[in-house]
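What follows is each chain in one-letter form.
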There are 2 protein chains.
Amino acid sequence: MAFSFFNMCQLLGMNCNTPTDIIFSFEGFAQRGGLTDHHTDGWGIAFFEGRACRLLMDCQPSILSPVADLVRAYPIKSLNVIAHIRKATQGEVNLENCHPFVREMWGRQWVFAHNGNLVDFHPELDGRFHPVGTTDSERAFCYMLQKLREACPNSSAAQPPSLEDIHAALSAIAKDIARFGTFNFCLSNGQAMWAHCSTNLYYIVREHPFAHAHLLDKDVAINFAEHTTPQDRVAVMATAPLTDNEVWQKMLVGEFVMFKDGCPCGGLNPIQHYKRV
Amino acid sequence: MAFSFFNMCQLLGMNCNTPTDIIFSFEGFAQRGGLTDHHTDGWGIAFFEGRACRLLMDCQPSILSPVADLVRAYPIKSLNVIAHIRKATQGEVNLENCHPFVREMWGRQWVFAHNGNLVDFHPELDGRFHPVGTTDSERAFCYMLQKLREACPNSSAAQPPSLEDIHAALSAIAKDIARFGTFNFCLSNGQAMWAHCSTNLYYIVREHPFAHAHLLDKDVAINFAEHTTPQDRVAVMATAPLTDNEVWQKMLVGEFVMFKDGCPCGGLNPIQHYKRV
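Residue positions are counted from 1 within each chain, in the order its sequence is given. Note on labels: chains are lettered from A, ligands numbered from 1, in written order. At least 70 in pLDDT is required for a residue's local features to be given in this predicted model, at least 80 for side-chain atom pairs to be given and counted, and no such filter applies to totals for whole chains, interfaces and linings, which use all residues. Side-chain measures here rest on the full set of heavy atoms in the structure, leaving out hydrogens and waters.

Draft legend 1. Examining the side chain of A:N184 more closely. Residue and element names in this part refer to chain A. Tracing the sequence through the fold places N184 in strand β7 (residues 181–188). What makes N184 buried here is its relative accessible area of 0%. Those residues in contact with N184, other than ones at most four positions away along the chain, are L11, A113, H114, N115, H196, C197, S198, T199 and N200. Only DSSP runs of H or I covering at least 4 residues are called helices, and only runs of E covering at least 2 are called strands; the numbering of each starts at the N terminus. Categorising residues by exposure relies on relative accessible area from a 1.4 Å probe, with only protein chains included: less than 20% of the type maximum marks a residue as buried, more than 50% marks it as exposed, and the intermediate range marks it as partly exposed. Two residues qualify as a contact provided that any one of their heavy atoms is within 4.5 Å of a heavy atom in the partner residue.

Draft legend 2. Inspection of the relation of the copies chain A and chain B at higher detail. Superposing the copies works by least squares over the C-alpha atoms of residues that have pLDDT at least 70 in both of them. The two copies are related by a screw operation: chain A maps onto chain B through 180 degrees of rotation and 0.0 Å of translation along the axis, at an RMSD of 0.0 Å. Taken together, the rotation angle and the small translation identify this as a two-fold axis. Comparing interface residues between copies, 100% of those in chain A also sit at the interface in chain B, which points to an isologous, same-surface contact.

Draft legend 3. Layout of the interface of chain A and chain B. Listed by partner, the interface residues are 31 residues for chain A and 31 residues for chain B. Of the roughly 2,600 Å² buried between chain A and chain B on both sides combined, carbon and sulfur atoms contribute 53%. Take a side-chain nitrogen of Lys or Arg and a carboxyl oxygen of Asp or Glu: if they are within 4 Å of each other, that pair is a salt bridge. Linking chain A with chain B are six salt bridges, by the criterion used here. Across the pair A:D58 and B:R54 runs a salt bridge whose closest N-O atoms are separated by 3.9 Å. Among the elements that line the side of chain A that touches chain B, the one with the most residues is strand β3 (residues 52–58) of chain A, at seven residues. Gly is put with the polar residues, along with every residue not named as nonpolar or charged; the nonpolar set is Ala, Val, Leu, Ile, Met, Phe, Trp, Tyr, Cys and Pro, and the charged set is Asp, Glu, Lys and Arg. Among the residues forming the side of chain A that touches chain B, the class breakdown is 14 nonpolar, seven polar and ten charged. Buried area adds together the accessible area that both of two parts lose upon being put together, with accessible area traced by a 1.4 Å probe.

Draft legend 4. Highlighting the packing of aromatic side chains. Here is the rule: rings of Phe, Tyr and Trp (six-membered ring for Trp) pair when centre to centre is within 6.5 Å. Planes less than 30 degrees apart are stacked, more than 60 are edge-to-face, and the remainder are tilted. In total, this model carries 24 aromatic pairs over all chains according to the counting rule given. Relative to B:W110, the ring of B:W106 lies with its centre 6.1 Å away and its plane at 70 degrees, an arrangement referred to as edge-to-face. The residues B:W106 and B:W110 share a single accessibility class, namely buried. Plain terms: the ring middles of B:F112 and B:F183 are 6.3 Å apart, the flat faces sit at 40 degrees to each other, and that makes the pair tilted. Of this pair, B:F112 sits in strand β6 (residues 108–118) while B:F183 sits in strand β7 (residues 181–188), placing them 71 residues apart in sequence. By relative accessible area, B:F183 is classed as buried at 0%. Three or more aromatic residues joined by ring pairs make a cluster, and in this case those are A:F112, A:F141, A:F183, A:F185 and A:F256.

Draft legend 5. Representation of the sheet that holds strand β12 (residues 233–238) of chain A in the model. All names here are of chain A. Only strands joined by at least two bridges in the DSSP assignment are considered to pair. Strand order in the open sheet made by the seven strands is β3-β2-β4-β1-β12-β9-β13, with antiparallel pairing throughout. Unpaired on one side and paired on the other, β3 and β13 (249–250) mark the two borders of the sheet. Two elements, strand β2 (residues 43–49) and β3, share seven bridges in a ladder whose sense is antiparallel. Bridging from a neighbouring strand, F47 pairs with R54 of β3. Where helices are involved, their axes are fitted lines through C-alpha atoms of the stretch in contact, as for all axes, and angles between N-to-C directions lie from 0 to 180°. Helix-sheet contacts for helix α2 (residues 66–73) involve β2 and β3, and the interaxial angle to β3 is about 135 degrees.

Geometry only, nothing functional implied.
Following this line, the structure appears as structure tokens:
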């Protein structure tokens, strides 16, 4: 069950309308960090709690990591989660180069993880956000925030831009950066989740009536109906489907979707996609 | 053995010349988060690894926290560590208000934790660094970085200021902020550790010949000679001494010291203090 056709890294994102733990999805995802796949150059996961986020990372493969054991054992409930397992393409294997990356802007944290490879991508950075490590991914993140700030020049922590304005600006910036190579990413500021597909990114929306799901990477099943209320809605994004008995929506090349309250609500034609699921 | 005379929070810092784990000191320190003392409104610890840092936090008291269990069980070696247990004075008990706080500047992470209370402290922030939570502490941190940036206007990730220039600028900024109340803090950028004493801050330098140490908050002892080489040097800072058989240096009111490679190397008269230990 190895996804050898996915080089580089793998992404996992979750956006919900009620705080939800990611243990089931993470259980399958973490298997790809050395067991069912070869993404062994570190991993990380960020959980939003309000405008702040909790970031757990390790340079060890996720199947061996005691920090990953903590994530499995300790159900952290969150509205927005981004996780990443790394197969290094650019930059050494160390903590500086572990995704997700975090920066503060307008008084809230922004979290970013990337699957892909940007070639000869060396944008001019004005110093407002600067990479700590040496990956193309962190450079892209810093550049995105810089350009987003430029696109919303009158914004501040007291008067942040609307999600619609952020979506429109990010859409153009993502398109611009994607010219340099493969640029699948998840980005969140704790209010919404943005996902960009350059080659491979899938999502699923789970809502009432909830059903059983069975992991692809491990023989684990869950009956979501036992853990939810009829009002709950959860969107999960992943580089490759995590379950083998659900229909995952493959995003289109160049598609950029905003998820809010567990629902795709901005993109090429998100409602149509969503109803197709 | 309760330190009831220490209201507010407690700080722990470590600066070394060789990567060192903080398990022994943290074992005693974590007891104060609910067992030997009443600092039960969350805790956090940041470990530098290169220019990046690993931040673990929890809103639960440190003696009950599974994240603290991870810190105890998993020896993370680092040159610079800052930990904090919180007794809330300003701001709700939530992750947004947990110390240490982290921001990126000049391509490296900066980490800050505060013990004290600043009254009517509402500096003008230019938006470069903005608090995510509602504490006086994070406001002070953002203001410090803003003023440090102003003091070194030609600096960048490619040309960062010298540690001496940073020390001189921070010294003036700390003095300025301390007018608003109690301002004990530890600050690190991964290259050095800065400690400011407004009321209570102690430090100890452990070096060859290493001796036994016994915790004050728990009946645990260690023979450092078994875990070190003669070249190792470790400076530990804490709101109150962590051991009962070593001489801890009480910092003077208003004193501001830079620690580098486990040694106090900038301050009012650090060498004299150091030799007095």
